[in-house]
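A look at the structure
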Amino acid sequence: MPMRKVVLLTALASLMVGSLLAVACGGTTEVIKEVPVEKVVEKEVIKEVVKEVPVEKEVIKEVVKEVVVEKETIVEVEGQTVVVLPFQDSFLYKGQKPRKFNEAPMLAARVASGDLPPVEDRLPIASDVLVVPVVETIGEYGGTWRKGFRGPGDGQNMDRVMMDHPLQYDLDGATILPNLLKDWDVSDDGLTYTFHLRKGMKWSDGHPFTVDDFIWANTNIVRNDKLNPNKEGRLGFSSYGPTLAKVNDVTFTASFPEQQNGFLDEMATYRIAGYTLNGRVGAPLFAPAHFLEQFHEDFVSDKAALDKLVKDSGFENWETFFKNKIDVHKTIESPNVGAWIVTQPNTGDVWKFERNPYYYGVDPAGNQLPYVDTIELRLYSDGEVHNLRAIAGEYDFNHRAIDFSKLPVFKQNEEKGNYRMELWPGDATMGVSFNYTYGLGDVNMPPDPEIQKWITNKTFKQAMSQALNRPKVNEIVYFGVGNETQPVFPKWHRHYPGEAIEKAYTQYNPSVAAGILDELGLDKKDSDGNRLRTDGSGKNLALEIAYSSGWTPTLKAAELAKESWDAIGIQINMKGEEGKLHGERRGGNTHELQLDGDVNAREPTSLISGRSAFPAYSNWYASRSGSYTLGAVTAEPPASDKSFWKLVELSDASQTLAYADRTQNYKETQAITSEELYYVGVIGHTPAANGTIVVKNNFRNVPKRAPNASALQNPGSGRTVQFYFQGGLNDAGY
């Protein structure tokens, strides 16, 4: 098929001005014209008018025309003309849909050989294709995207890239857009969701992708008691277990007995997500029935042959064998609908992917996506090796496990490594949980009443918060890019609660903090200046702060918190814990203070996400919905704790609202938590976790900022399918 011809034009009314610049790039001719566009701006002009009375001022509104330069793209492909609008920080496509399509050269060769049908026959029908806006420009086909991975357990590394969610959030992190599903409707009573597939869409092996794949997965995987005992139909990691019903091949319904207004939100997050992630979890929304039936014990005609296959494959039972078959990272013959398909599994030193020839999306010019041909991940033995490879320029785009503490080293080596550093700030806050439920429930060790008295005391926590030297933490741990804040959403977020709540008790004022402690009765000290307990024991008041020993920022932050609190006479003992122990102690409700990034990037500190701030109450809350974790300590909050029960009420109510409609709820929640200080925020909204990105200079169409949240699966939130290599190859030449 002929290559596209792209002409970049702009217009001022019917007048066309500017100079032409013709550039050749990979066989594509671009002609660029820059033309001013009028933009009307209202300004206020204050004039003094002298009268025979005292001088008065009158305000006159004056309309001023401001001239800006914008570009739009006219794409001509086989007689069709498509207007490509400038990127508006949104992946909602508003332009004309292309009617003719192009494909990557590697696929065109397969079409010519008869190995593949033409691109028009591989895509959904023209009116149903997904059109993905491009961040910078129409891209170029080709190249191998190089990354690192840490082993078979690192499935999230590529889950986040594949973009096979049924729905997907836009760059604002709140607006839900179509993705795999074309669109949807909700009944007036809010009980039934009707979803529409893209007509003509196919699995990566060319088999039709239909509603039957949703119904089959729900009936034979999600609700299969052997595969998912006690799951009760809940999809993925979510709490939603709708009843699915087929309307026709491209339409199905999901019904609930009660309103579940958060259902669509979870369809767009990892909690329900696509087959790549929740296939291997074992509770997918959809699955390739035509492939899996041959391995499902309810569908095979020769049960003995299946048993033999299970045994010969090295599995103890059918359940583990089947779950391996629905893990696309390990079973390379499994069809998928993501942008790339596995050609070499993640069980070796190299994990490889190749473009999906049946991917359902195109760019505004009609070029089938993705642009990048292949993805190759190299196993690393430890994080240091991984980061040294990145610094040496061996990766094209890598966001995962890049050590933020090495940011100065990365910056120093940008030119040498031919890369740039992109920082996608997160919505979360690193801080210290003062365990509000310390000693409650069936704990495995007796609590210390003196410690319990202070770490649950709001005024004590206000003093501790004001004693924290946040500017120093920000400078030393986060190189000044963070925000000194309580655990609230950042200013760019629609649920931001305002500066008063954001900055409550965050001003560094150790003398005020010391005065508050004196007034509380902690005014007696030993010869070293350590404050004495009030129980008459004569001992120092010493608190333990636990932190995850596997992450450098938490260690440094814990050391600086200790320094701040030692200075006002509160002795701090640090305790680094590896991940498993850290989680067990949190679930067992034995921590006193805990430093981590507790606040979920999608939700404020609440009963939904405040697991380290009040673990026993969080476990109790989770047990009400059936998601109780075996061995976790629970305790029900007393009726007298009005503020906390208001938090329970708000947590319940939030789950009945769509995410975009939770602003008032979340503002009230943040107001309570910032005042009660269940979790004392230190530094927030940094790129430290999964937002420190190494990007080769010729790797383009990467947004300057995209939602950095596990729930939204970055970097897929930045639409990886439209990333491309300038020149069509990586800088190693392939």
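What you see is a predicted model; the values in this text were computed from it and never measured.

Below, the discussion takes up the overall build of the protein. For the protein, the count of helices and strands is 22 helices and 30 strands. Pairs at least 24 residues apart make up 68% of the contacts formed inside the protein by residues separated by at least 6 positions. In the structure as shown, the protein presents an accessible area of about 30400 Å², 50% of it carried by carbon and sulfur atoms.

By the definition in use, this model includes 41 salt bridges. Between K182 and D128 there is a salt bridge whose closest N-O contact spans 3.2 Å. Here K182 is found in the loop between β11 (176-178) and β12 (183-186), whereas its partner D128 is found in the loop between α2 (119-122) and β8 (130-131), with 54 residues between them in sequence. The salt bridge partner of R234 is E232, with a shortest N-O separation of 3.4 Å. One salt-bridge network, held together by shared partners, links R146, D396, K696 and D731.

This part is about the sheet that holds β12. Two pairing modes exist for strands in a sheet, parallel and antiparallel, and in both the strands are linked by backbone hydrogen bonds. Read from one edge to the other, the open sheet built from 4 strands follows the order β12-β13-β15-β14, with strand pairing classed as antiparallel. Single-partner strands in this sheet number two, and they are β12 and β14 (243-248). Each strand of the sheet is rotated relative to its neighbour by a mean of 20°, with strand direction disregarded. Those strands touched by helix α4 (residues 212-222) are β14 and β15 (251-255), and its axis lies near 155° from that of β14.

Below, the discussion takes up empty space enclosed by the protein. Using the criterion set out here, one finds 3 cavities of 30 Å³ or more in the structure. Within this model, the largest cavity holds a volume of roughly 100 Å³. Around the largest cavity, the lining residues are Y169, Y240, G262, D265, E266, T269, R271, R602, E603, Q655, Y659 and R662. Of the residues assigned to the lining of the largest cavity, the class counts are 3 nonpolar, 3 polar and 6 charged.

The next point concerns the pairing of strand β27 (residues 679-684). Summarising burial for β27: 6 of the 6 residues are buried, a large majority. Pairing analysis gives 2 bridges linking strand β23 (residues 483-484) to β27, with the strands arranged antiparallel. Residue E484 lies in a different strand from β27, and its bridge partner there is I683.

Turning our eyes to something else, we now look at the packing of aromatic side chains. Inspection of every chain in the model, using the stated rule, returns 53 aromatic pairs. Judged by centre distance (5.3 Å) and plane angle (45°), the rings of F214 and F286 are tilted. Taken as a pair, F214 in helix α4 and F286 in the loop between α6 (275-281) and α7 (289-292) lie far apart in primary sequence, 72 residues in all. When its relative accessible area of 0% is taken as the criterion, F214 is described as buried. Among the aromatic side chains, those forming a connected cluster through ring pairs are Y193, F195, W203, F209, F214, Y240, F252, F256, F263, Y275 and F286. If you follow R602 out to its NZ or CZ, it ends over the ring of Y169, 4.4 Å from the centre.

Between L369 and P370 the backbone carries a cis peptide bond, its omega angle lying at 5°. Inspection of the secondary structure puts P370 in the loop between β18 (361-362) and β19 (374-379). Geometrically, the link from N714 to P715 is a cis peptide bond, its omega value of 10° lying close to zero. The backbone of A273 shows a phi angle near 50°, a positive value even though the residue is not glycine. You can see A273 is positioned in the loop between α5 (263-267) and α6. A273 sits in the buried class, given a relative accessible area of 0%. Positive phi is not limited to glycine here, since N418 has a value of about 60°.

Formed by 96 residues in total, the largest nonpolar core has its most connected members in W145, F214 and F263. Per element, the largest residue contribution to this core is 5 residues, and it comes from α4. Not counting residues up to four positions away in its chain, the partners in contact with F263 are Y193, F195, L235, Y240, P242, A254, F256 and I272. By size, the runner-up hydrophobic cluster in this structure holds 49 residues, among which are W454, I545, A558 and I570.

At a closest axis distance of 7 Å, the pairing of helix α14 (residues 458-467) and helix α17 (residues 510-519) adopts a crossing angle of 160°. Taken as axis vectors, α14 and α17 run roughly antiparallel relative to one another. Every pair of crossing elements has a handedness; the one defined by α14 and α17 is left-handed. Facing α14, whose interface residues are T459, F460, A463, Q466 and A467, α17 presents P510, V512, A513, I516 and L517.

Turning our attention to the sheet that holds strand β22 (residues 429-434). Pairing in this open sheet of 6 strands is mixed, and the strands run β23-β27-β22-β26-β24-β25 from one edge to the other. The open sheet terminates on both sides in strands that have one partner only, identified here as β23 and β25 (571-577). Here 7 bridges tie strand β24 (residues 542-548) to β25, and the two strands are oriented parallel to one another. Directly across from E544, in β25, lies its bridge partner N573. The sheet contacts of helix α15 (residues 470-478) involve β22, β23 and β27, and relative to β27 the element is tilted by about 50°.

As a further point, take the confidence of the model for the protein. Predicted confidence across the protein gives a mean pLDDT of 88, with 87% of residues reaching 70 or more. Confidence over residues 1-62 falls short of pLDDT 50; this stretch has 125 contacts with residues more than four positions distant or in other chains. Confidence drops under pLDDT 50 across residues 64-69; counting only partners more than four residues distant or on other chains, this segment forms 18 contacts.

Here helix α18 (residues 552-566) spans 21 Å end to end across 15 residues, near enough to the 21 Å set by a 1.5 Å rise per residue. Taken together, the buried positions of α18 are occupied by P553, T554, A557, A558, L560, A561, S564 and W565. Tucked into the core, α18 has its buried residues touching β22, α14, α15, β24, β25 and β26 (593-596).

Note on placement: N469 falls in the loop between α14 and α15. The residues touching N469, leaving out its near neighbours within four places in the chain, are Y508 and S564.

Here T192 lies in strand β13 (residues 192-196). Judged by its relative accessible area of 24%, T192 is partly exposed. Residues contacting T192, with those up to four places away along its chain left out, are D185, V186, S187, T253, A254 and S255. Side chain to side chain, T192 and S255 meet in a polar contact 3.5 Å long.

Attention now goes to the side chain of Q168. On the secondary structure map, Q168 appears in strand β10 (residues 167-169). Of the polar contacts made by the side chain of Q168, one reaches the side chain of N179; its length is 3.4 Å.

Considering the arrangement of structural elements, one finds W351 in strand β17 (residues 350-355). Here W351 falls in the buried class, since its relative accessible area comes to 0%.

About the cut-offs
- Residues numbered from 1 in each chain as written.
- Predicted model: local features only at pLDDT ≥ 70, side-chain atom pairs only at ≥ 80, totals over all residues.
- Heavy atoms only, no water.
- Helix = DSSP H or I, 4+ residues; strand = E, 2+ residues; numbered from the N terminus.
- Contact = heavy atoms within 4.5 Å.
- Areas by Shrake-Rupley, 256 points an atom, 1.4 Å probe, with all protein chains shown as cover.
- Salt bridge = Lys/Arg side-chain N within 4 Å of Asp/Glu carboxyl O.
- Pairing = 2+ DSSP bridges.
- Axes fitted to C-alpha atoms, helices over the stretch in contact; angles between N-to-C directions.
- 1 Å grid on protein atoms, 1.4 Å probe; cavity = no way out; pocket = protein on both sides within 12 Å on 5 of 7 lines; lining within 4 Å.
- Points joined across faces, edges and corners; volume = space filled by probe spheres on them.
- Nonpolar A, V, L, I, M, F, W, Y, C, P; charged D, E, K, R; others polar.
- Buried < 20%, exposed > 50% of the residue type's maximum accessible area, 1.4 Å probe, protein only.
- Phe/Tyr/Trp six-rings, centres within 6.5 Å; stacked < 30°, edge-to-face > 60°.
- Lys NZ or Arg CZ within 6 Å of the ring centre and 35° of its normal.
- Core = buried A, V, L, I, M, F, W, Y, C linked by side-chain atoms within 4.5 Å.
- Parallel < 35°, antiparallel > 145°, perpendicular 65-115°, else oblique.
- Left-handed = near helix turned anticlockwise from the far one by under 90°.
- pLDDT = per-residue confidence, 0-100.
- Expected span 1.5 Å × (residues − 1).
- Polar contact = N/O pair within 3.5 Å; in protein donor to acceptor, adjacent residues only side chain to side chain.

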